[in-house]
Amino acid sequence: MPSSRLQNTESLWPKIRVPLKVVRTAENKLSNRFFPYDEIETEAVLAIDDDIIMLTSDELQFGYE
C-alpha cells in the first residue's frame, strides 16, 4: 500500500492523547470507511462523514472513552 495515502495532518488537528492516522483514498466512495486498511492497527475506528466540520477535541476523545 503506498505511503502517499498517509498524510501529515499534524497541523490540521488539535493535540489529543490518542494516535490519529488519516487515510486518503483514490476514490471518494462511502464504502471506503469499511475497508480493512493495513495502516489501521487498533481496536476502535471513528468513522465520520467528510461534511462534519464542528468536531472538537473533547468530542473526539469522548468517542473513544
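Within each chain, residues carry numbers counting from 1 in the order of the written sequence. Reporting in this predicted model follows two pLDDT cut-offs: at least 70 for local features of residues, and 80 or more for side-chain atom pairs to be given and counted; totals over whole chains, interfaces and linings ignore these cut-offs and use all residues. As a rule here, side-chain values cover all heavy atoms of the structure and leave hydrogens and water aside.

A. Expanded view of the side chain of glutamine 61. For the purposes of this entry, the term helix denotes a DSSP run of H or I that reaches at least four residues, the term strand denotes a run of E that reaches at least two, and both are numbered from the N terminus. Looking at the secondary structure, you find glutamine 61 in helix H1 (residues 57-63). When its relative accessible area of 18% is taken as the criterion, glutamine 61 is described as buried. Excluding residues within four positions of it along the chain, glutamine 61 makes contact with Ile16 and Arg17. Burial classes follow relative accessibility: with a 1.4 Å probe on protein chains only, a residue under 20% of its type's maximum area counts as buried, one over 50% as exposed, and anything between as partly exposed. Whether two residues touch is decided by their heavy atoms; if any such pair falls within 4.5 Å, the residues are in contact.

B. Expanded view of the side chain of asparagine 32. Note on placement: asparagine 32 falls in the segment before H1. On the accessibility criterion, asparagine 32 (16% relative accessible area) is buried. Only 2.6 Å separates the side chain of asparagine 32 from the backbone oxygen of glutamate 27, close enough to count as a polar contact. Residues in contact with asparagine 32, not counting those within four places in the same chain, are Thr25, Glu27 and Tyr37. A 3.5 Å cut-off defines polar contacts: any pair of N or O atoms within that distance qualifies, except that in protein one atom must be a possible hydrogen donor and the other a possible acceptor, and neighbouring residues in sequence count only when both atoms are side-chain atoms.

C. A look at the layout of surface pockets. Points on a 1 Å grid, built from protein atoms alone, make a cavity when a 1.4 Å probe fits but cannot get out and make a pocket when they are open with protein on both sides within 12 Å along at least 5 of 7 lines; residues with an atom within 4 Å of a point are the lining residues. Grid points are joined across faces, edges and corners, and a volume is the space filled by probe spheres set on the points. What the largest pocket holds in volume is close to 1,500 Å³. Lining of the largest pocket is provided by 40 residues; of these, Lys21, Val22, Val23, Leu46 and Ile48 occupy positions nearest its centre. In this classification, the charged set is Asp, Glu, Lys and Arg, the nonpolar set is Ala, Val, Leu, Ile, Met, Phe, Trp, Tyr, Cys and Pro, and all remaining amino acids, among them Gly, are polar. Split by residue class, the lining of the largest pocket holds 24 nonpolar, 7 polar and 9 charged.

All quantities given are derived from atomic positions and should not be read as evidence of function.
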